[in-house]
Amino acid sequence: MSDMVQVTGLKKTYDGGGRRVEAIGNITFTVPRSQFACIVGPSGAGKTTLLKCLAGLLEPTSGEIRIEGSPVTGPPPGMAVVFQEYGRSLFPWKTVQQNVELPLRVKGTAKDVRRQQVSEALAAVGLDDAGDAYPWQLSGGMQQRVAIARAIAYQPHVLLMDEPFAAVDAQTRADLEDLVRSLWRTLGITTLFVTHDVDEAVYLGERVLVLSASPTLILDDIAVDLPAERDQVDTRSSASFAALRARVHHGIQAAKAGKRKLEVPV
Ligand code: ADP
């Protein structure tokens, strides 16, 4: 498998107003094509900084990021991003269909292909009937489905998700988790999913990267060897799920205590 994402010696220091914050200390990792990798870490661990660097929105202080082999110098062409704040990421004056279609227009996709991709994406997230609605007429969970539809209609090679379900209720969150996993299994898009929810990371991912507190290092890199077919009740109550969750918690506790490496590797 070729590596879709390569992060080498990434370092990011914020410098401004006479204040220096060493946000990312030194991060190196690769994500193979089609992998679903979750990134967890305590608040202030540099998760958003890392994603902004990956998305080409923030320039690293040193080190290099490559997506599909090309160095990132601006937003990579094959990437889509879904943020937590779906309310702000959708245009209220555009219909659902127009919102999903927008990146395809920007990309220059022909009109009939665009229409086809938009309707397929809306069907994939269970919103076939909502194309003519406006985002503000929909619930939070439905708005986040629109944001997901917009991301997949674009047919990205890499999908970044930054705490996308943090603002929805527990049941909607479970539904959206299952939606994202099933879309990933169907489409095989390389996915980097940032969350501070340990259970969500283990439930969704094939791999969990645990970040230290700033200046960020990778404290642990865990292969999630759960069966691909997952279920909110059965998977979450299995012994292997509990063992993985315990290991991730162990890493987060160490991160919160300011540890730079795990004393007792699990
Ligand atoms: P997380 O997303 O894990 O909560 P962030 O990437 O937002 O972490 O922040 C990592 C560190 O960088 C924190 O110490 C934060 O205060 C600092 N930081 C983030 N953005 C800026 C900025 N624009 N200027 C200065 N410091 C920043």
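Anything mentioned here points back to the structure above.
All of these numbers come straight from a predicted model, not from anything done at the bench. (Residues numbered from 1 in each chain as written. Predicted model: local features only at pLDDT ≥ 70, side-chain atom pairs only at ≥ 80, totals over all residues. Heavy atoms only, no water.)

Caption draft 1: Summary view of the site of the ligand. In the region of the ligand, the neighbouring residues are Tyr 14, Val 21, Ala 23, Pro 42, Ser 43, Gly 44, Ala 45, Gly 46, Lys 47, Thr 48, Thr 49 and Ser 214. One of the backbone N or O atoms of Gly 44 is found 2.7 Å from an oxygen atom in the ligand. A distance of 2.7 Å is found between an oxygen atom of the ligand and a side-chain nitrogen or oxygen belonging to Thr 48. Notes on the ligand: free accessible area 560 Å², of which the protein chains cover 61%. Among the elements of the structure, β2 (19-32) and α1 (47-54) are those that each provide at least two residues to the shell around the ligand. In the shell around the ligand, the residues fall into five nonpolar, six polar and one charged. (Near = heavy atom within 4 Å. Polar contact = N/O pair within 3.5 Å; in protein donor to acceptor, adjacent residues only side chain to side chain. Areas by Shrake-Rupley, 256 points an atom, 1.4 Å probe, with all protein chains shown as cover. Helix = DSSP H or I, 4+ residues; strand = E, 2+ residues; numbered from the N terminus. Nonpolar A, V, L, I, M, F, W, Y, C, P; charged D, E, K, R; others polar.)

Caption draft 2: Geometry of the sheet that holds strand β6 (residues 79-83). Spatial strand order, β6-β7-β8-β3-β9-β10: six strands in an open sheet with mixed pairing. The two strands at the open ends of the sheet, each matched to only one other strand, are β6 and β10 (218-223). Mean inter-strand twist for the sheet, computed between neighbouring axes without regard to direction, equals 15 degrees. By the bridge criterion, four bridges tie strand β3 (residues 36-40) to strand β8 (residues 190-194) in an arrangement that is parallel. Following the sheet pairing, Phe 36 is matched in β8 by Thr 191. Contacting β3, β9 (207-211) and β10, helix α8 (residues 239-256) runs over the sheet at an angle of about 175 degrees to β10. (Pairing = 2+ DSSP bridges. Axes fitted to C-alpha atoms, helices over the stretch in contact; angles between N-to-C directions. Contact = heavy atoms within 4.5 Å.)

Caption draft 3: The arrangement of the sheet that holds β2 in detail. A sheet is described by the order of its strands in space; here four strands give the open sequence β2-β1-β4-β5, paired in antiparallel fashion. Each having just a single partner strand, β2 and β5 (70-71) make up the two edges of the open sheet. Lying on the sheet, α1 is in contact with β1 (3-16), β2 and β4 (62-67); it crosses β1 at an angle near 120 degrees.

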